[in-house]
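Chain by chain, the residues run as shown.
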Amino acid sequence: MTDIRMKIDGKDVVAAEGMTVLEAAHSAGVSIPTLCHHDQLQPYGGCRLCIVELETKGGSSIVASCVYQAEDGLVINTRSEKIDRIRKSILELLLAHAPDSPQLQELAADYGADKDKFEQEASFCVHCGLCVRYCTEVKQENAVGFIDRGIRKEISFLPEIASKVCNDCKECFPLCPTSYLQAVFVLVESLAFPTQRRLERE
Ligand code: SF4
Ligand code: FES
């Protein structure tokens, strides 16, 4: 396997073939914030918090490090005025949905994000897809999925599957960056009112 040599924040980094920029950075001890990334799941590229600046001839471009493949000769900056400004805006939008999320609050403090910048529409779900993808990819069960679209999009447990498998699993609950209790609530609601949840999906 050929080594890949790149620069991240001015540091020489040697990555293995097939690594993403995020994995290369983590292997070199460089921290990049993530929300929808999980080591056991396929790269998703949903939240865009992991963006980095890629130096190009005569300029730079912004890429999501969790889905961008590491390549020989890449020069990457994980923090810059532009990156920090974009991350701050993303955090402010996410905080409008999940203002009490400890993970978002911690990042907001790092990036100076104002949780009151946008009108709050607390839904608790920031659509990271971790619970849904974990259930599908790791547990291979599909007990939880998304319903609706746009701002009305939310997770829902499928009672016919959830009633059989969730009680002995619950592994998706602690993955949620917004609230462990929210997933518990949605699961209990799906099991208690299966017809209502089904009608909402139709
Ligand atoms: S409920 Fe939590 S883990 Fe599931 S998609 Fe929403 S924010 Fe992500
Ligand atoms: S962690 Fe890369 S887009 Fe969410």
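For the structure, check the block above.
Residues numbered from 1 in each chain as written. Chains lettered and ligands numbered in written order. Predicted model: local features only at pLDDT ≥ 70, side-chain atom pairs only at ≥ 80, totals over all residues. Heavy atoms only, no water.

A. Quick look at the overall build of the chain. Helix and strand counts for the chain come out as seven helices and seven strands. Ordered by position from the N terminus, the helices and strands of the chain form the series β-β-α-β-β-β-α-α-α-β-β-α-α-α. If one aligns the C-alpha atoms of the chain with their principal axes, the spans along those axes are about 55 × 45 × 25 Å. Looking at the 202 residues of the chain, the share that counts as buried comes to 40%. Carbon and sulfur atoms provide 51% of the accessible area of the chain, an area that totals close to 11100 Å². Averaged over its 22 positive side-chain charges, the chain has a centre that lies 2 Å from the centre of its 30 negative ones. (Helix = DSSP H or I, 4+ residues; strand = E, 2+ residues; numbered from the N terminus. Buried < 20%, exposed > 50% of the residue type's maximum accessible area, 1.4 Å probe, protein only. Areas by Shrake-Rupley, 256 points an atom, 1.4 Å probe, with all protein chains shown as cover. Lys, Arg positive; Asp, Glu negative; His and termini not counted. Charge placed at Lys NZ, Arg CZ, Asp CG, Glu CD.)

B. Inspection of the site of ligand 1 at higher detail. Around ligand 1, the neighbouring residues are Cys125, Val126, Cys128, Gly129, Cys131, Phe146, Ile155, Cys176, Pro177 and Thr178. Tallied by class, the residues present in the shell around ligand 1 amount to eight nonpolar, two polar and no charged. (Near = heavy atom within 4 Å. Nonpolar A, V, L, I, M, F, W, Y, C, P; charged D, E, K, R; others polar.)

C. Region of the structure containing the pattern of salt bridges. Per the counting criterion, the structure on display carries seven salt bridges. Notably, a salt bridge pairs Lys7 with Asp12, separated by 2.8 Å at the nearest N-O pair. Owing to a relative accessible area of 33%, Lys7 belongs among the partly exposed residues under this scheme. What makes Asp12 exposed here is its relative accessible area of 62%. Measuring nitrogen to oxygen at the nearest pair gives 3.5 Å for the salt bridge that ties Lys88 to Glu92. With Lys88 and Glu92 both in helix α2 (residues 81–97) and four residues apart, the pair spans about one turn of that helix. (Salt bridge = Lys/Arg side-chain N within 4 Å of Asp/Glu carboxyl O.)

D. Molecular detail of helix α3 (residues 102–111). Within α3 the residues assigned to the buried category are Leu104, Leu107, Ala108 and Tyr111. One side of α3 holds all its buried residues, which, seen down the axis, span an arc of 105°. Those residues of α3 that are exposed and angled more than 90 degrees off the buried face are Pro102, Glu106, Ala109 and Asp110. Residues of α3 that are buried make contact with α2. With its phi angle positive at about 65°, Gly112 sits one or two positions after the end of α3. (Arc of directions from axis to C-beta. Contact = heavy atoms within 4.5 Å.)

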